[in-house]
Amino acid sequence: SSLDNSNNHHQNSAKIHRRRRLVFSSDVEVVPIPMRSEYSNRIKERMYSNRVELSENAQRNVVEFEAEGWDASTVLDDENQFYRCPLTGELIHPVHLAYFSKGAAGGELKEGER
């Protein structure tokens, strides 16, 4: 009916007008950032990844992205979707839990540990 078409048009128009907008503040604070060479070795080791860490992170990211169907729109980003390690507090992607769910190394998941 024409009433249905009118309502659909109104709903579609409303969606178009509700676009999110990005607005930059004119008030800014300039904070100098030291060059990498200005940090001590201890600080650099904590701030920057070495070759091995970069490789491990890249491999982990591939496994996680594959588990999400190679689709960026399905990437897990909600803290509640991850397992929290009770020892370190680190958030762990569910794809890595397959190892533990099979009882390997004596690790078992409990429902309340997510």
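None of these values were measured; they are calculated from a predicted model.

Would you explain the overall build of the protein in this entry?
Scanning the protein for helices and strands turns up 4 helices and 2 strands. Listed N to C, the secondary structure of the protein is α-α-α-β-β-α in terms of helices and strands. Each of the 114 residues in the protein was classed as buried or not, and the buried ones make up 9%. Here the analysis covers contacts within the protein between residues at least 6 apart in sequence; of these, 28% occur between residues at least 24 apart. Surface accessibility of the protein: about 10,600 Å² in total, with carbon and sulfur atoms responsible for 51%.

I would appreciate a short explanation of the pattern of salt bridges in the present structure.
Here the idea is simple: oppositely charged side chains can pair when their charged atoms come close. This model, assessed by the stated rule, comprises 1 salt bridge. A salt bridge links Glu64 to Arg60; the nearest nitrogen and oxygen atoms lie 3.5 Å apart. A residue pair is termed a helical-turn pair when its members lie 3 or 4 positions apart in one helix, as Glu64 and Arg60 do in helix 3 (residues 51-67) at 4 residues. With a relative accessible area of 36%, Arg60 lands in the partly exposed category.

Just to check I follow, could you spell out the side chain of His93 for this structure?
Turning to its location among the elements, His93 is positioned in the loop between strand 2 (91-92) and helix 4 (98-101). Within the structure, His93 has its side chain in polar contact with the side chain of Glu68 (distance 2.6 Å). Setting aside anything within four residues of it in sequence, one finds His93 in contact with Glu64, Ala67, Glu68, Leu76 and Phe82.

Basis of the calculations
Residues numbered from 1 in each chain as written. Predicted model: local features only at pLDDT ≥ 70, side-chain atom pairs only at ≥ 80, totals over all residues. Heavy atoms only, no water. Helix = DSSP H or I, 4+ residues; strand = E, 2+ residues; numbered from the N terminus. Buried < 20%, exposed > 50% of the residue type's maximum accessible area, 1.4 Å probe, protein only. Contact = heavy atoms within 4.5 Å. Areas by Shrake-Rupley, 256 points an atom, 1.4 Å probe, with all protein chains shown as cover. Salt bridge = Lys/Arg side-chain N within 4 Å of Asp/Glu carboxyl O. Polar contact = N/O pair within 3.5 Å; in protein donor to acceptor, adjacent residues only side chain to side chain.

By themselves, these are just geometric observations and shouldn't be taken as functional.
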